[in-house]
Amino acid sequence: MLVFLLPIGGQASNCRAANDPCNGLKVPPGVSILLEKSFPHWRIEKLSDLHPDYQEMWAKAFPSGCPGFVAGHLQKTDSIAYAFLLVPADQTKKGYRLVVLSETMKDSWHSLVLEKDDQYTPTSAVIRLAPPGDYKEADGSKKVRTQTDGIVSERFEAGALIYYWNGTRFRSIATSV
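Definitions and limits used
Starting afresh in each chain, residues are numbered from 1 along the sequence in its written order. The predicted nature of this model means local features are confined to residues of pLDDT at least 70 and side-chain atom pairs, given and counted, to a pLDDT of 80 or more, with totals for whole chains, interfaces and linings taken over all residues. Hydrogens and water molecules were not included; the side-chain quantities draw on all heavy atoms of the structure. Within this document, salt bridges are pairs made up of a side-chain nitrogen of Lys or Arg and a carboxyl oxygen of Asp or Glu, the two lying within 4 Å of each other. Runs of H or I in DSSP of at least four residues are treated as helices and runs of E of at least two as strands, each being numbered from the N terminus. Each residue is assigned to one of three classes by its accessible area relative to the maximum for its type, calculated with a 1.4 Å probe on protein chains only: buried under 20%, partly exposed between the two thresholds, exposed over 50%. Two strands pair if DSSP finds at least two bridges between them. Axes here refer to lines fitted to C-alpha atoms; in helices the fit is confined to the stretch in contact. Angles between the N-to-C directions go from 0 to 180 degrees. As used here, the arc is the angular range of directions from the helix axis to the C-beta atoms. Confidence scores labelled pLDDT are given residue by residue by the predictor and lie between 0 and 100. Note on definitions: a residue-residue contact is assigned when non-hydrogen atoms from the two residues lie within 4.5 Å.

Examining the pattern of salt bridges
Alright, step 1. Counted under the stated rule, the structure contains 6 salt bridges.
Alright, step 2. Ionic pairing is found between R97 and D118, a salt bridge with its closest N-O pair at 2.7 Å. Pair noted here: R97 is in strand β4 (residues 96-105) and D118 is in the loop between β5 (108-117) and β6 (125-130), with a separation of 21 residues, a long-range link.
Alright, step 3. Since its relative accessible area comes to 11%, R97 is described here as buried.
Alright, step 4. For E154, the salt bridge goes to R128, with nearest N and O atoms at 3.2 Å.

This is the structure we're talking about:
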């Protein structure tokens, strides 16, 4: 019986993959080259990498968003930087990376790893853009006002961190638990 069910599951997965908003992401060539060179055994998290319940939650909230990619004014209001949630290309491996790629000068890009783990591959992790504004720590009195976009690193039903640029480096604040 299992033999007959596997092809059906594979077709459903392929159908989801065809509609995955992560297919066909547009980034500058320098970003793609640096990503491939610096993280050769990693790939961008796709919708199909999430647990099925979280796929549905993500698709309802962000129908055209890729759960492993954001682009925004992460460091400067006049330039775009890119954040990627990377998972191993080999699905038998464990781990993840949250990486920011920013332009240091024209057509020259720099990568910075904000989060990494080699023992655990989350099936509930997503990233999305946080607009400039005021943010308050969930379990404390810390407040920040951001001048640029931030990166929300979220675990469904667990909590979220917002990474923001403080003018010198990325910092984070836990906005929910």
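That covers the picture; the talk isn't over yet.
Let's talk about the sheet that holds strand β9 (residues 150-155)
Alright, step 1. Spatial ordering of the open sheet is given by β6-β9-β10-β11, a layout of 4 strands whose pairing is antiparallel. Each edge of the open sheet is held by one strand with a lone partner, namely β6 and β11 (170-176). Here the average twist between neighbouring strands, direction ignored, is 25 degrees.
Alright, step 2. Relative to β9, β6 runs antiparallel, the two being bridged by 6 bridges. Pairing of R128 across the sheet is with V152, part of β9.

A short note on helix α2 (residues 29-38)
Alright, step 1. Among all positions in α2, only V31, L34 and L35 are buried. Down the axis of α2, the buried set is contained in an arc of 100 degrees. They therefore lie on one face. Exposed side of α2, more than 90 degrees from the buried face: P29, I33, E36 and K37 are the residues found there.

Side note on the confidence of the model for the protein chain
Alright, step 1. Chain-level pLDDT for the protein chain is 87 on average; 89% of the residues reach the 70-or-more range.
Alright, step 2. Least confident of the elements in the protein chain is helix α1 (residues 2-18), whose mean pLDDT is 37; most confident is strand β3 (residues 81-88), at 97.
Alright, step 3. Every residue in residues 1-17 is under pLDDT 50, and counting partners more than four places away or in other chains gives 2 contacts.

What to know about the pairing of strand β10 (residues 159-165)
Alright, step 1. Of all 7 residues making up β10, 5 are buried, and the element is well covered by its neighbours.
Alright, step 2. Summarising the sheet, β9 and β10 pair through 5 bridges and their orientation is antiparallel. Its bridge partner being in β10, E154 is matched across the sheet by A160.
Alright, step 3. Where β9 folds back on β10, the antiparallel hairpin that results is connected by 3 residues, among which E157 adopts a positive phi of roughly 60 degrees.
Alright, step 4. In the sheet, β10 pairs with β11 via 6 bridges, with the strands oriented antiparallel. Pairing of A160 across the sheet is with S176, part of β11.
Alright, step 5. Where β10 hands over to β11, the hairpin turn is made up of 4 residues, of which G167 adopts a positive phi near 105 degrees.

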